[in-house]
Each structure stands twice: as structure tokens, then as C-alpha cells.
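Residue-level listing of the chains:
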Amino acid sequence: MKTLDRKLQELFPEILSSLQASIRIPSVRSAAEEGAPFGREVGRALDHALCEARRLGLRTGECDGYVGWAEIGDGDEMVAVLAHLDVVPAGDGWSLPPYGAEVREGRLYGRGAMDDKGPAIGALWALHAIRSLALPLHRRIRLILGTNEESGMADIPHYLQAGGESPRFGFTPDGDFPIVAAEKGQLHIDLRGALPLPRQIGLKKLTAGTAINVVPDEAVAILSCPDETAAAKLGRVLNEDASARGISLALRGSGAEPLEVSLRGRSAHGSTPERGVNAALLLMDLLGETVDESWACRLKEVGSAFLDAPEGRKLGLAISDAPSGALTCNVGLIEGGESSFRMGLDIRHPVTADAEELLTRLRGWAQGESLHMELLRRKPPLWMPQESELIRRLQKVYREKTGQEPSLLSMGGGTYAKALPNTVAFGPRFPGDPDVVHKADEYISLDSLLRTVQIMAAAMVELAS
Ligand SMILES: [Zn+2]
């Protein structure tokens, strides 16, 4: 295996320039075009990679512009590396051009450097190195290049539906090293309910949240008052109550205008709601305390089932297991008006949990609260046990290549691995490295890039032998 490492080191200047060319294509999703279902630039990034593959003499294939692949070896069975060539928009705050692919102090900067063009193009060259050394393989190795990981994941389902081959084993270098062996299951739930009509103070509008999988950092309620005196009094009471609880509140509106109440919390990812402060739940609670109306009481009561309970304990959902940890429950979206409201829940459950059982408990509670419940999305968990062949083989490679203990990780969020059977996330971020994915000044260090390519190459050979 030393020869494979050496070969990749020799190839490294070419790997780097191939990757730079890919990063210079701003492959953010845009309107579909003929042969490019996720837009022109995404299509160009796929064309570029497949051109490189053909130039290196690899077999290639494509599925309607959704997915491309490059393959080496013979045999009935195939092992896969799953990577993607689409990127999220650059966003603000860059100190270098996001599509410039500049190298500074041993780091290659650019959108996609880490997520996921570095691993994707690196894996292409790993195939080339394995082939050029004529290493013995018992299975084919296929690099599957997706183009829609960042905005809907319609790519791999399309490939599988079109009869695309599933791997015997696979890994996706689109997560963390050592190995992400467990990814929680996901339930997205919509709850709707009626609100009693007001006697004096009415709720014109209640809004919080930008996405179901984010803890809302701001919640806004617009209240209508019968007159100026009532509005002034309500404003005073809200302010007093908020400051007594240490909540930051802003009030707007004067005279006969509706009173706008906005409350700040702290955002966090929906898979780690315990790290945030949910502004929506705090506002529902505050309104229930200060506004003497039955609609406000109702909001408070429903919200109280989730307030300070990101593990779902008040609903009897607080379960956990050894491979993946505790259930989490995030109230990500709230919308309300005069006579009704709705909430969006993002629940991440442990891999060994019975999702049906959880849904039954939740339905029971919703019924008791006269809420209509709808399951919007259900993603099953992913769990590869320690003793499975895939995990054992990846662990062996990681231990040999790094000298580090290949501990198994679990995640609340889902990786690309869920898209393909028999697949787990393996790299590219090393333990302790900063998380630069989707951020300004995304980079991959040249040293990490080479090490990642060497580890991926060794893993490909290991899984294919
Ligand atoms: Zn990614």
C-alpha cells in the first residue's frame, strides 16, 4: 500500500489543478435546462469531472444529468464512493474569491473545497492511481458523482429508480472521519389548531422560524388592542414580565396602531435544539402569562409541551440509545393568525427507536389538545453495527493509515450516506479540524486533501478485495 500512497503523492500537483478547475465552476443549483436538471453550472461541473475521468482512461456513465460515474475493475459486485459536485451559494464574508480556488499558506480556498469537490475529484484520481498500479480487485469500484446533494437530494433516487446499480459496500466522503456509523431517524411534523376568538386583545399575526430544522432566533406577534390605553398597559406588562425573566423584547407601534412584539432567542441547528433558545416557545409562554385572552392561554398550553424540553420529555418521547444518543425535538416554525395557528416539528430519533410508537404517542397528545397532526417527512435512521463487515474494513483502513483509534460517530443530521444502500459517511473532516462547510472562506488544507485521497484509495482497495 506504500506504493499507492507514493503514487498519489506524485500525482498530487495534477489532482490539485483538476480540483481547482472544478472549484472555478460555480455549481450552485439554478433553473433546469436541457440535459442539466439542476442548472447549467451544475451540469458543467459534472461534464468537467466526467471529461477528466475519460482523459484518465476510466469507464464513465451518466444518468440524465442527475448523476455521473467513473468505474474501474471487473466482477459482478461493485463498491461505491458517493460524492457530490453541487455546492451551496457562496454567501457573504469571504476574504478571497469564493470561486477563485486560490492556494494560500498550504490551504486551497473555495466553495466546495471541502464539501464536496475536494473528496469527489480526489476520489477520481484515486481510481486512476489504483488502475495504473494494476492492483488486484475482486469487485468493481465506482465513483458515483451526485449533483443535487445540497438542494433536495433528488439525484441518487433518480439514479436508483432508473436502474442504477447499488453497491455491495459504499462510503461517502461527505461527513467526518473516522466513521459515521449511526444517523438518527427524522420525523417532520405539522400541527394545526384553532384559536378562540378574542374578547378585547386580538392576535393579528404570529411568526417565527425560517426553516423547520433551525431553532428560531426571533419570534414576532402583532396584537390589536381596543384603544391606546389598553395598548400602553399591555406594552408595560409585557416589558415587565420579559425583564423579570431576562428576556430581550422589543415593542413597536403607538397610539391606535397594532402592537408589534418581537422577542430574541438564539439559533442552533434543529438536530441540536438544546444549544439554542427557542424564541417562538418563549413568546407563546409570555403571551399566555400577560394577555388575558383564551387564545393566549391556548398558545401557552400547547407551547408548554415543548418549552425547555428539547429531548421531548413532556410528551413522553425522551428516549436514547448507545449507538446514537438521545431523541431531539425542535419547534422550527410557528405561524398564527386570528383564528388558527400551526407549528412545524423536527424530531430526530435514536436509531433503535420505534418511530411508529413515537408517532402514536405524539398523536395521542395532539388529539388531547385538539390539534390536527400531519407527518410531512419521514427519513429512517441509518445504523451500521460495529461488527458489520463494512465498519470492520473501514476501521482497519483508518487505523492503518492514521494510527488513530477509528471510533464510531453518530449524527443527528443525515449525510449523503442515507441516499445509497450499504453506505456510511467516511471523512473528509478529521477529528478536531474546524468545521468550514457552508461557511465563508471554506478551505481544505493540501495536507488533509492528500491524506484524505490516500485514505479513500486504501478504503476502495480494501472494500473491493
Ligand atoms: Zn456535502
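Residues numbered from 1 in each chain as written. Predicted model: local features only at pLDDT ≥ 70, side-chain atom pairs only at ≥ 80, totals over all residues. Heavy atoms only, no water.

1. A word on the overall build of the protein chain
Phase 1 of the analysis: A count of helical and extended segments in the protein chain gives ten helices and 24 strands.
Phase 2 of the analysis: Taken along the three principal axes of its C-alpha coordinates, the protein chain extends 85 × 45 × 45 Å.
Phase 3 of the analysis: Looking at the protein chain alone, contacts between residues at least 24 apart form 75% of all its contacts between residues at least 6 apart.
Phase 4 of the analysis: When the accessible surface of the protein chain is split by element, carbon and sulfur atoms take 48% of a total near 19,400 Å².
Phase 5 of the analysis: Charge-centre separation for the protein chain: the mean point of 51 positive side chains lies 3 Å from the mean point of 63 negative side chains. (Helix = DSSP H or I, 4+ residues; strand = E, 2+ residues; numbered from the N terminus. Contact = heavy atoms within 4.5 Å. Areas by Shrake-Rupley, 256 points an atom, 1.4 Å probe, with all protein chains shown as cover. Lys, Arg positive; Asp, Glu negative; His and termini not counted. Charge placed at Lys NZ, Arg CZ, Asp CG, Glu CD.)

2. Some details on the side chain of Thr172
Phase 1 of the analysis: As for its position among the elements, Thr172 is in strand 7 (residues 169-172).
Phase 2 of the analysis: Polar contacts involving the side chain of Thr172 include one to the main-chain carbonyl oxygen of Leu82, which spans 2.6 Å.
Phase 3 of the analysis: Among residues more than four places away in sequence, those in contact with Thr172 are Leu82, Thr415, Tyr416, Ala417, Thr423, Val424, Ala425, Phe426 and Gly427. (Polar contact = N/O pair within 3.5 Å; in protein donor to acceptor, adjacent residues only side chain to side chain.)

3. Re the sheet that holds strand 5 (residues 107-109)
Phase 1 of the analysis: Ordered by their spatial adjacency, three strands build an open sheet running 4-5-24, and the pairing between neighbours is antiparallel. Every interior strand has two partners, whereas the edge strands, strand 4 (103-104) and strand 24 (443-445), have only one.
Phase 2 of the analysis: Where strand 5 lies against strand 24, three bridges are found, and the strand directions are antiparallel. If you follow Leu108 over to strand 24, its bridge partner there is Ile444.
Phase 3 of the analysis: Strands strand 4 and strand 5 of the sheet are contacted by helix 1 (residues 2-23), whose axis makes an angle of about 25° with strand 5.
Phase 4 of the analysis: In the packing of helix 10 (residues 446-464) onto the sheet, the strands contacted are strand 4, strand 5 and strand 24, and the crossing angle to strand 24 comes to about 75°. (Pairing = 2+ DSSP bridges. Axes fitted to C-alpha atoms, helices over the stretch in contact; angles between N-to-C directions.)

4. Quick look at the domain arrangement of the protein chain
Phase 1 of the analysis: Annotation of the protein chain at the domain level lists domain 1 (2-182 + 382-464) and domain 2 (185-379).
Phase 2 of the analysis: On a C-alpha basis, the centroid separation for the pair domain 1 and domain 2 is 39 Å.
Phase 3 of the analysis: Counting residues at the interface gives eight residues for domain 1 and nine residues for domain 2.
Phase 4 of the analysis: Of the roughly 650 Å² buried between domain 1 and domain 2 on both sides combined, carbon and sulfur atoms contribute 59%.
Phase 5 of the analysis: Contact with domain 2 buries surface across domain 1, with Trp383, Gly412 and Lys418 losing the most and accounting together for 54% of the total.
Phase 6 of the analysis: Between domain 1 and domain 2 we count zero salt bridges in total.
Phase 7 of the analysis: At the junction of domain 1 and domain 2, the tally comes to one residue pair in polar contact (both at pLDDT 80 or more).
Phase 8 of the analysis: When grouped by side-chain class, the residues that make up the side of domain 1 that touches domain 2 number three nonpolar, four polar and one charged. (Domains from an automatic or database assignment. Buried area = accessible area lost by both parts, 1.4 Å probe. Salt bridge = Lys/Arg side-chain N within 4 Å of Asp/Glu carboxyl O. Nonpolar A, V, L, I, M, F, W, Y, C, P; charged D, E, K, R; others polar.)

5. So, the layout of surface pockets
Sizing a probe to match a water molecule and rolling it over the atoms shows the empty space that remains.
Phase 1 of the analysis: Of the pockets and cavities examined, the largest pocket occupies roughly 1,300 Å³.
Phase 2 of the analysis: Counting only elements with at least two residues in the lining of the largest pocket, the list comes to strand 8 (175-176), strand 10 (185-194), strand 19 (372-379), strand 21 (408-411) and strand 23 (428-429).
Phase 3 of the analysis: A domain split of the lining of the largest pocket shows at least three residues from each of domain 1 (2-182 + 382-464) and domain 2 (185-379). (1 Å grid on protein atoms, 1.4 Å probe; cavity = no way out; pocket = protein on both sides within 12 Å on 5 of 7 lines; lining within 4 Å. Points joined across faces, edges and corners; volume = space filled by probe spheres on them.)

6. What about the sheet that holds strand 12 (residues 218-224)?
Phase 1 of the analysis: Taken in spatial order, the eight strands make up an open sheet running 13-14-12-11-17-18-10-19, and their pairing is antiparallel. Looking at the sheet topology across the chains shown, the edges are occupied by strand 13 (249-252) and strand 19. Strand-to-strand twist in this sheet, taken as the mean axis angle between neighbours without regard to direction, amounts to 20°.
Phase 2 of the analysis: Across six bridges, strand 11 (residues 202-208) lies against strand 12 in antiparallel orientation. The partner of Leu206 across the bridge, within strand 12, is Ala221.
Phase 3 of the analysis: Each of strand 11, strand 12, strand 13, strand 14 (259-264), strand 17 (328-336) and strand 18 (340-349) is contacted by helix 6 (residues 279-290), which is oriented at about 30° to strand 12, the strand it contacts most.

7. Some details on the side chain of Glu462
Phase 1 of the analysis: Assignment of secondary structure puts Glu462 in helix 10.
Phase 2 of the analysis: Glu462 has contacts with Arg393, Lys396 and Val397, leaving out every residue within four places of it along the chain.

8. Side note on unusual backbone geometry
Phase 1 of the analysis: Cis geometry is found at the peptide bond from Asp115 to Asp116, where omega equals 10°.
Phase 2 of the analysis: Looking at where Asp116 falls in the secondary structure, it is placed in the loop between strand 5 and helix 3 (117-132).
Phase 3 of the analysis: Between Gly427 and the following residue, Pro428, the backbone shows a cis peptide bond with an omega angle of 5°.
Phase 4 of the analysis: Relative to the assigned elements, Pro428 resides in strand 23.
Phase 5 of the analysis: Here the phi dihedral of Ala134 falls at roughly 50°; this positive angle occurs in a residue that is not glycine.
Phase 6 of the analysis: Here Ala134 is to be found in the loop between helix 3 and strand 6 (140-146).
Phase 7 of the analysis: On the accessibility criterion, Ala134 (64% relative accessible area) is exposed.
Phase 8 of the analysis: Residue His438 is not a glycine yet carries a positive backbone phi of 70°.
Phase 9 of the analysis: Along the chain, the position of His438 falls in the loop between strand 23 and strand 24. (Buried < 20%, exposed > 50% of the residue type's maximum accessible area, 1.4 Å probe, protein only.)

9. A few points about the packing of helix 1 against helix 10
Phase 1 of the analysis: Where helix 1 contacts helix 10, the two axes come as close as 10 Å, and the packing angle between them is 125°. Viewed along their axes, helix 1 and helix 10 adopt a mutual orientation that is oblique. Handedness of the helix 1/helix 10 crossing: right-handed. Contacts between helix 1 and helix 10 involve Leu4, Asp5, Leu8, Gln9, Phe12, Ile15, Leu16 and Leu19 on the former and, on the latter, Leu446, Leu449, Leu450, Val453, Gln454, Ala457, Ala458 and Val461.
Phase 2 of the analysis: Class assignment for the residues of the contact of helix 1 with helix 10 results in 13 nonpolar, two polar and one charged. (Parallel < 35°, antiparallel > 145°, perpendicular 65-115°, else oblique. Left-handed = near helix turned anticlockwise from the far one by under 90°.)

10. Quick look at helix 7 (residues 294-304)
Phase 1 of the analysis: Within the sequence span of helix 7, burial applies to Trp295, Ala296, Arg298, Leu299, Val302 and Gly303. Relative to the axis of helix 7, the buried residues are bounded by an arc of 160° and lie together on one face.
Phase 2 of the analysis: Against the buried residues of helix 7 lie strand 10, strand 11, strand 12, helix 6, strand 18 and helix 8 (355-368). (Arc of directions from axis to C-beta.)

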